[in-house]
Amino acid sequence: MLFYSFFKSLVGKDVVVELKNDLSICGTLHSVDQFLNIKLTDISVTDPDKYPHMQSVKNCFIRGSVVRYVQLPTDECDTQLLQDAARKEAAQNKQR
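Residues numbered from 1 in each chain as written. Predicted model: local features only at pLDDT ≥ 70, side-chain atom pairs only at ≥ 80, totals over all residues. Heavy atoms only, no water.

1. Brief notes about the sheet that holds strand β4 (residues 60-62)
Definition in use: A pair of strands is treated as paired once DSSP finds two or more bridges between them. Numbering of helices and strands runs from the N terminus; a helix is a DSSP stretch of H or I covering at least four residues, while a strand is a stretch of E covering at least two. Throughout, an axis means a line fitted to C-alpha atoms (over the contacting stretch in the case of helices), and angles, computed between N-to-C directions, take values from 0 to 180 degrees.
Spatially, the 5 strands line up as an open sheet ordered β4-β3-β2-β1-β5, and their pairing is antiparallel. Only two strands of the sheet have a single neighbouring strand rather than two, namely β4 and β5 (67-71). The mean angle between the axes of side-by-side strands here comes to 45°, regardless of whether they run parallel or antiparallel. With 3 bridges connecting them, strand β3 (residues 38-45) and β4 associate as antiparallel partners. Across the sheet, residue I38 finds its bridge partner in β4, namely I62.

Here it is, written out as structure tokens:
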């Protein structure tokens, strides 16, 4: 749930999602669900020459299982807070 909560805090921010098939999509994060499925609006492809059919697409839904990386805006990412939350969640899971 840590990553789900983190991604929910980034709704409305610009992100780059790299898929397992090497397609990279830039767009505004519209929504994310508990399976880390991602909906992007105002998208563009980082390599339009390689994927010309994607130039006409404006919004997309990305299944969480096909995501390789999500590149976040550095000014929006509080790494210290994220590390602390990860430690707390790990400690809670260890107690169970």
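Moving on, there is more to tell.
2. Observations regarding the side chain of E18
Definition in use: Residues are treated as being in contact if the distance between any of their heavy atoms lies within 4.5 Å.
Looking at the element boundaries, E18 is found in strand β1 (residues 14-19). Leaving out residues up to four positions away in the same chain, E18 has contacts with L23, S24, V67, R68, Y69 and Q71.

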